[in-house]
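# Understanding the architecture of this molecule
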There are 2 protein chains.
Amino acid sequence: MTAPPHEAPQAGPGRSLPDTQQGMRRRNLARVMHTVSAKGPLSRASVASRIGLTRAAVSTLVDELIRSGLLEELGPERPGRVGRPGSALAVSGHGPAGLGAEVGVDHLAACVVDLRGEVRARAVRHGTNRGRAPEPVARELTELIREVVAEADRQGLAPAGLAVAVPGLVARDGRTIVRAPNLGWHEVDLGLLMPPELLTAVDNEANFGGLAELWLGAETPRDFLHVSAEIGIGAAVVVEGQLLRGRRGFAGELGHVPVVPDGPACRCGGRGCLEQYAGEEAVLRAAGLEPGADRVALLAARATQGDQDVRRALRDAGKALGIALTGAVNLLDPEGVVLGGALAELAPWLLPSLKAELAGRTAGPACPVSVSRLGSDGPLLGAAHSVVRAVLDDPAAVAEPA
Amino acid sequence: MTAPPHEAPQAGPGRSLPDTQQGMRRRNLARVMHTVSAKGPLSRASVASRIGLTRAAVSTLVDELIRSGLLEELGPERPGRVGRPGSALAVSGHGPAGLGAEVGVDHLAACVVDLRGEVRARAVRHGTNRGRAPEPVARELTELIREVVAEADRQGLAPAGLAVAVPGLVARDGRTIVRAPNLGWHEVDLGLLMPPELLTAVDNEANFGGLAELWLGAETPRDFLHVSAEIGIGAAVVVEGQLLRGRRGFAGELGHVPVVPDGPACRCGGRGCLEQYAGEEAVLRAAGLEPGADRVALLAARATQGDQDVRRALRDAGKALGIALTGAVNLLDPEGVVLGGALAELAPWLLPSLKAELAGRTAGPACPVSVSRLGSDGPLLGAAHSVVRAVLDDPAAVAEPA
């Protein structure tokens, strides 16, 4: 017995395309791309058997993908055999690529990832963006983007789009930063400030971090909660391989889940929010340290050295995370929780109290908690890979090269 | 600019069917059914223009649906006009129907709903099921089901399936009640106890209540949180018109979101859970009343009479609900919160403190909270309608009548 059809999982490449012959062709192109991307190199016959289409149908689709520069043939598998040789197909390491960029509170970054998922160009600039106006930040980020695009061009790669990760809430239009308190930005339309010929999406860094975990994590489940921190604490809720965005695009505000109903006032308007106990600034304050650059590195260094105040502050933060996550796990029943971003670097000191809290508040087995291996690279990689995924999901949208 | 294609909404009738010519036909049959169901009576030409297929293609689909007893023709719209008259199509009020049943803590119920959504037969038996073994409860429920099926048969209706709402956690197999603490049931496979030729799904009453709200509510959004209570407090998380179930099927356990981290111990293993402040028994205790039958009616009557202890207890329960919902709203960013089940009947006394708490913890406009008009009928109606929806979503699965 399975779930009734009206609630069957809806995920899958190209599913939103129209249900016509043309839509079916586009979806099948996406199936071929995803199959070769996940399992390649593969022969045409292997692709056909894996996706349940005839070899002739697959060959037509493959030829189109080769002409578009999305697939390439690695040459005959076994020369000398009778009949057309079974040439192995691979995703192209040239042509269309993903371009990602990140506005951090203390850095800017850009990178190019090819369709195979390899990072081919990358640039980072350190320096605070707190209190800077959006225009000069966007200009500096654009310079960085031009650098990596030029480098990618030298390697025969052309970005199919640009996605930008930002430390703030982004509207569902995918371009307006509604508020980014740690930058001091409100209602900033990044679509007006970035290269219009490239920009495809702006999103919250926690969302791109969660997507990076979904796409690049070793054994990431398809239902999980990705918790990350830069200055604030954010989460990405991933359900059946899809990001849950919410009505306004603001889902995942774990940092503002009440942990102590009458706790200290928070800038969100609430009281006793998780951020008041486990945000970077709260932890620094609790440890008696001054906020400055490299806050996470400072906390990690002090904790490693055995500083009892820092360790206690991190233990208390882990406990608060455990309380907030108990609520989230009860609501969402995810397969796991992944700690990413700055939390990944501080995990050795956060995890014991976090896990104890989660287990102590659950009758059955507690939800597994793991630590992201992407750490603070997650949002930038997630942004670049979102462009790559868009190409894999609808390869027909990439025009054939001239 | 829209969301990238890999995250476009995936909802829609029949979307999970295979992507072949046959799958396309089945999806198009579902489109016709849903269009006539939502907008009918409609002529073939209107259906064709609404779903973007040719009139010839729609006529073939419509003929098949008429043969299967799912659509019927109301006769020529304008007799005497030249050419084939545009006969109006409507969803059939005969033939396949939805059969729903409910195991409540204090009652059993069953009903039959036709494809038009009308309740055509209904039966309820009051009496506690607390501590009763599953077998006699299932036998009594089966008798009730046979009654409404016989009544439906007299009206020319034949159930296309049976869905059962239960006050407990149901595994993703859609038949095993993992635990129903207020019945005292653990690991009960209802699939072995109910008529096997009929049973299609068992689900948590909060889930069916939420789905009923989605399908039958007047202006229910597609992203909302439905909060209901019988003895416990449960929620249904609906995202883009789909129920979020979680890995084990346990999502929506709002009753076990921590509200006060060091509050009283809860049977779930946690401390200070919402249920300890806003569950029926907690409210009765806080008001100095004895738990018995008709607990909700008792609270509502006393509150109406101006009993200050009851009013204070309900006010405090509303406050606790507001704290837990603040966390849920921050995580999910829903379009609204709907209070259903017993909470709907107590809403006049819960809502003011609930809304004040939610608004006081939010910088921007607070998430709207409304009250279900289905009240305690929600789960039973949701169960019956889930069978109706399954027919609308895949009409090809209903065999042509002999």
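All values derive from a computational prediction rather than experimental measurement.

Residue and element names in this part refer to chain B. Remark: helix α9 (residues 308-332) packs on helix α10 (residues 341-360), axes separated minimally by 7 Å, with the N-to-C direction vectors making an angle of 60 degrees. Classified by the interaxial angle, the pair formed by α9 and α10 is oblique. Taken as a pair, α9 and α10 cross one another with a handedness that is right-handed. Where α9 approaches α10, its residues Arg 311, Leu 314, Arg 315, Ala 317, Gly 318, Lys 319, Leu 321, Gly 322, Ile 323, Leu 325 and Thr 326 are matched on the opposing element by Leu 343, Leu 346, Trp 349, Leu 350, Ser 353, Leu 354, Glu 357 and Leu 358. The residue makeup of the contact of α9 with α10, split by class, is 11 nonpolar, four polar and four charged.

With that settled, the discussion passes to the sheet that holds strand β10 (residues 199-204) of chain A. Residue and element names in this part refer to chain A. Overall, mixed pairing links the five strands, which are arranged β5-β4-β3-β6-β10 in an open sheet. The strands lining the two open edges of the sheet, one partner per strand, are β5 (119-126) and β10. If you compare each strand with its neighbour and ignore which way they point, the axes differ by 15 degrees on average. Across seven bridges, strand β3 (residues 95-103) lies against strand β4 (residues 107-114) in antiparallel orientation. For Gly 100, the partnering residue across the bridge sits in β4 and is Cys 111.

A word on the interface of chain B and chain A. Facing the 72 residues of chain B at the interface are 72 residues of chain A. Taken together, both faces of the contact between chain B and chain A bury some 6200 Å²; the carbon and sulfur share is 52%. For the pair chain B and chain A, the interface holds four salt bridges. For Glu 240 of chain A, the salt bridge identified is with Arg 172 of chain B, shortest N-O distance 3.7 Å. In this assembly, chain B and chain A are joined by 18 residue pairs in polar contact (both at pLDDT 80 or more). At the level of elements, α1 (21-39), β11 (199-204), α5 (205-216), β13 (233-239), β14 (242-243), α9 and α11 (378-393) of chain B are the ones that each hand at least two residues to the side of chain B that touches chain A.

The next thing to look at is the sheet that holds strand β11 (residues 224-229) of chain A. Residue and element names in this part refer to chain A. The strand order across the open sheet built from five strands is β13-β12-β11-β14-β15, with neighbouring strands paired in mixed fashion. Two strands in the sheet have a free side with no partner beyond their single neighbour: β13 (242-243) and β15 (369-371). Looking at chain direction, β11 and strand β14 (residues 336-339) are connected through four bridges and run parallel. By the bridge assignment, Val 227 is partnered in β14 with Leu 339. Where helix α9 (residues 308-332) meets the sheet, its contacts fall on β11, β12 (233-239) and β14, and the angle it forms with β11 comes to roughly 150 degrees.

Below, the discussion takes up the packing of helix α1 (residues 21-39) of chain A against helix α3 (residues 55-67) of chain A. Residues and elements named next belong to chain A. At a minimum axis distance of 10 Å, the contact between α1 and α3 shows a crossing angle of 75 degrees. On the basis of their axis angle, the class for α1 and α3 is roughly perpendicular. Here α1 contributes Arg 25, Asn 28, Leu 29, Val 32 and Met 33 to the contact with α3, which in turn contributes Leu 61, Val 62, Glu 64 and Leu 65. When the residues that make up the contact of α1 with α3 are grouped by side-chain class, the tally is six nonpolar, one polar and two charged.

With an RMSD of 0.0 Å, the fit of chain B onto chain A corresponds to turning through 180 degrees and sliding 0.0 Å along the axis. The relationship between the two copies is best expressed as a two-fold rotation axis.

In this structure, Cys 268 of chain A sits in the loop between β13 and α6 (275-278). Through-space distance from the C-alpha of Cys 268 of chain A to that of His 256 of chain A is 7.2 Å; in sequence the pair is 12 residues apart. For Cys 268 of chain A, the contacting residues outside a window of four places in its chain are His 256 and Cys 273 of chain A together with Arg 361, Thr 362 and Ala 363 of chain B.

What follows concerns the environment of Gln 155 of chain B. Residue and element names in this part refer to chain B. Tracing the backbone shows Gln 155 in the loop between α4 (134-154) and β7 (157-166). Accessibility expressed as a relative area gives 24% for Gln 155, which makes it partly exposed. The residues touching Gln 155, leaving out its near neighbours within four places in the chain, are His 94 and Arg 120.

A few words on the domain arrangement of chain A. Residue and element names in this part refer to chain A. Here chain A is described as being made up of domain 1 (11-91), domain 2 (96-210 + 379-397) and domain 3 (218-373). Taking only C-alpha atoms into account, the centre of domain 1 sits 30 Å from that of domain 2. Contact with domain 1, which involves 16 residues of that partner, is made by 10 residues of domain 2. For the domain 1 face of the interface with domain 2, the top three residues by lost area are His 34, Leu 70 and Val 91, together amounting to 44%. Joining domain 1 to domain 2, the criterion identifies two salt bridges. There are four residue pairs in polar contact (both at pLDDT 80 or more) connecting domain 1 and domain 2. Among the elements of the structure, α1 and β2 (87-91) are those that each provide at least two residues to the side of domain 1 that touches domain 2. Examining the composition of the side of domain 1 that touches domain 2, we find that seven residues originate from one element, α1, more than from any other. Here the side of domain 1 that touches domain 2 is composed, by residue class, of nine nonpolar, four polar and three charged.

Further remarks concern the pattern of salt bridges. Residue and element names in this part refer to chain A. With the rule as written, the count across this model stands at 48 salt bridges over all chains. Of the charged contacts in the structure, one is a salt bridge between Arg 25 and Glu 64, with a shortest N-O distance of 2.5 Å. Linking Arg 25 in helix α1 with Glu 64 in helix α3, this pair joins segments that are 39 residues apart in sequence. What makes Arg 25 partly exposed here is its relative accessible area of 26%. We classify Glu 64 as buried; its relative accessible area is 16%. Between Arg 132 and Glu 140 there is a salt bridge whose closest N-O contact spans 2.9 Å. Residue Arg 132 is classed as partly exposed on the basis of its relative accessible area, which comes to 27%. When salt bridges with common partners are traced through the structure, they connect Arg 125, Arg 132, Glu 140, Glu 143 and Glu 147 into a single cluster.

What follows covers the pairing of strand β9 (residues 176-180) of chain B. All names here are of chain B. Where burial is concerned, most of β9 is hidden: four out of the five residues are buried. Where strand β8 (residues 169-170) meets β9, two bridges bridge the pair, whose relative direction is antiparallel. Pairing of Val 170 across the sheet is with Ile 177, part of β9. The antiparallel hairpin formed by β8 and β9 contains five residues in its connecting segment, where Gly 174 sits at a positive phi of about 70 degrees. The antiparallel hairpin formed by β9 and strand β10 (residues 185-189) contains four residues in its connecting segment, where Gly 184 sits at a positive phi of about 80 degrees.

A separate point is helix α2 (residues 44-51) of chain B. All names here are of chain B. Restricting attention to buried positions, one finds in α2 the residues Arg 44, Val 47, Ala 48 and Ile 51. Angular distribution of buried residues about the axis of α2 spans 100 degrees; they occupy a single face of the element. Downstream of α2 by one or two residues, Gly 52 has phi in the positive range, about 75 degrees.

Okay, the side chain of His 107 of chain B next. All names here are of chain B. Mapped onto the elements, His 107 comes out in strand β5 (residues 107-114). The exposure class assigned to His 107 is buried, which follows from its relative accessible area of 16%. Within the structure, the side chain of His 107 is placed 3.2 Å from the side chain of Glu 102, a separation counted as a polar contact. Among residues more than four places away in sequence, those in contact with His 107 are Glu 102, Val 124, Arg 125, His 126, Gly 127, Asn 129 and Glu 230.

About the cut-offs
- Residues numbered from 1 in each chain as written.
- Chains lettered and ligands numbered in written order.
- Predicted model: local features only at pLDDT ≥ 70, side-chain atom pairs only at ≥ 80, totals over all residues.
- Heavy atoms only, no water.
- Axes fitted to C-alpha atoms, helices over the stretch in contact; angles between N-to-C directions.
- Helix = DSSP H or I, 4+ residues; strand = E, 2+ residues; numbered from the N terminus.
- Parallel < 35°, antiparallel > 145°, perpendicular 65-115°, else oblique.
- Left-handed = near helix turned anticlockwise from the far one by under 90°.
- Contact = heavy atoms within 4.5 Å.
- Nonpolar A, V, L, I, M, F, W, Y, C, P; charged D, E, K, R; others polar.
- Pairing = 2+ DSSP bridges.
- Buried area = accessible area lost by both parts, 1.4 Å probe.
- Salt bridge = Lys/Arg side-chain N within 4 Å of Asp/Glu carboxyl O.
- Polar contact = N/O pair within 3.5 Å; in protein donor to acceptor, adjacent residues only side chain to side chain.
- Least-squares fit on C-alpha atoms with pLDDT ≥ 70 in both.
- Buried < 20%, exposed > 50% of the residue type's maximum accessible area, 1.4 Å probe, protein only.
- Domains from an automatic or database assignment.
- Arc of directions from axis to C-beta.

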